[in-house]
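Coordinates in review
So the chains spell out like this:
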Amino acid sequence: METKGLMGGLYKITEWIMRIAGSNLYWVLCSSPILLLLVLGLNYVASTNMPIPFEIYMPMAVLAPFTLFPATAALFSVTRKWVMGETDLGITKLFFRSYKDNYKQSMLGGIFYTLLIVIMYVDYEVYMKQFKNMQILGIVMLVLLFFILLSLFNFFSLVAHFHMKVKMLIKNAILLTVLRPFRTLSTFLTAVVIGLITLKFTWLIPFGFATLIAWMAYFNFNIAYTKVQEKVERLRQVEEEGTQADGETGEDAESMAAELTEGEDKEKN
């Protein structure tokens, strides 16, 4: 029997708190090697006023594809269900089933992203500190690094949403970031706000900061992807109606459809 009124409202609030906190705690557990190293690094910075040393960055980079990326993909799979309106699923079963099912994709994608981020960061440091006359290249690398980090929101959303080859996941994540930059930027700004609040109230770390970011990221991804799909469908209609009049328009529509709908018939249930 469904509870109504004030008690029903309180029950729903409590239920959502448990969902958010539970999924977040699973993410913290599965990402714990990275988070522990990050805490050590931040403690080092606080005690010495020096940057985080290479000895901490290196194991973080090595471990990230095997821990952080699969855990984050599983978290996005949970929030995907919520955005799709499926809120009555067991969090534990859903999270760890998604962790297992998406492990290979997220791990391989994590290796690619981690290598790319490390290379870009090293290039930035070199151009800015060792080649003073080439700092413009350092700025370019910083912009590209920021763009790659933004595309991670779409990468994890695609992992949660589709069965795709890793190459297509990365390609479509970058393409969506290019086509819908403001939607992706809004996700980033939301993540920054949540991060700042969490830094001020550190007791919130186990209770929802990662889940809330993933939830908002997938929500924005879903809107952006739907709009792109609508645009592709309109271009397909133009192709069908005006192929003889304008062959170039039809070719463009076919190209965009091929880029963005590779996993269309593989959507997860």
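These numbers were taken from a predicted model, which means no experiment stands behind them. (Residues numbered from 1 in each chain as written. Predicted model: local features only at pLDDT ≥ 70, side-chain atom pairs only at ≥ 80, totals over all residues. Heavy atoms only, no water.)

1. With respect to the overall build of the chain
To keep things clear, this is the line we draw: Runs of H or I in DSSP of at least four residues are treated as helices and runs of E of at least two as strands, each being numbered from the N terminus. Using a 1.4 Å probe on the protein chains alone, a residue whose accessible area is under 20% of its type maximum counts as buried, one over 50% counts as exposed, and one in between counts as partly exposed. Only heavy atoms matter for contacts: two residues are in contact if any of them lie within 4.5 Å across the pair. The protein chains shown are the only cover counted for residues, whose accessible areas, like all others here, come from Shrake-Rupley with a 1.4 Å probe.
In terms of regular secondary structure, the chain is built from eleven helices and zero strands. Shown N-terminal to C-terminal, the secondary structure of the chain runs as helices and strands in the order α-α-α-α-α-α-α-α-α-α-α. Counting all 269 residues of the chain, 38% fall into the buried class. Sequence separation of at least 24 residues holds for 77% of the intrachain contacts in the chain that already meet a minimum separation of 6. Of the roughly 15,700 Å² that the chain leaves accessible, carbon and sulfur atoms contribute 68%.

2. Considering the environment of T72
Heads up, the condition is: For this analysis, a polar contact is any N or O atom pair within 3.5 Å, provided that within protein one partner can donate a hydrogen and the other can accept it, and provided that sequence-adjacent residues contribute only side-chain to side-chain pairs.
Along the chain, T72 turns up in helix α4 (residues 68–83). Between the C-alpha atoms of T72 and T211, which are 139 residues apart in sequence, the distance is 9.1 Å. What T72 contacts, discounting residues up to four positions off in sequence, is W27 and F156. Side-chain polar atoms of T72 contact the side chain of W27, separated by 3.1 Å.

3. Remarks on the packing of helix α7 (residues 135–161) against helix α9 (residues 181–200)
Relative orientation and spacing of two packed helices are given, respectively, by the angle between their axes and the distance between those axes. Spelled out, the test is: Between N-to-C directions, angles span 0 to 180 degrees; the directions come from axes that are lines fitted to C-alpha atoms, helices contributing only their stretch in contact. Angles are sorted into four bins: roughly parallel if under 35 degrees, roughly antiparallel if over 145, roughly perpendicular if 65 to 115, and oblique for all others. Under the convention adopted here, Pro, Cys and the residues Ala, Val, Leu, Ile, Met, Phe, Trp and Tyr are nonpolar, Asp, Glu, Lys and Arg are charged, and Gly plus all remaining residues are polar.
It is at 10 Å that the axes of α7 and α9 come closest, and there the two elements cross at 90°. Here α9 runs roughly perpendicular to α7, going by the angle between their axes. Contacts between α7 and α9 involve F146, L150, F153 and N154 from the former and T184, L185, T187, F188 and A191 from the latter. Across the contact of α7 with α9, the residue classes tally to six nonpolar, three polar and no charged.

4. Describing the nonpolar core
To keep it simple, the criterion reads: In this description, a nonpolar core means a group of buried Ala, Val, Leu, Ile, Met, Phe, Trp, Tyr and Cys residues linked to one another through side-chain atoms lying within 4.5 Å.
Within the largest apolar cluster, 53 residues are counted, with the highest numbers of intra-cluster contacts made by F69, F76, F95, Y113, F155, F156 and L158. No other element matches the eleven residues that α7 contributes to this core. If sequence neighbours within four positions are ignored, F76 has contacts with F153, F156, S157, A160, A214, A217 and Y218.

Treat this as a map of the structure, not an account of what it does.
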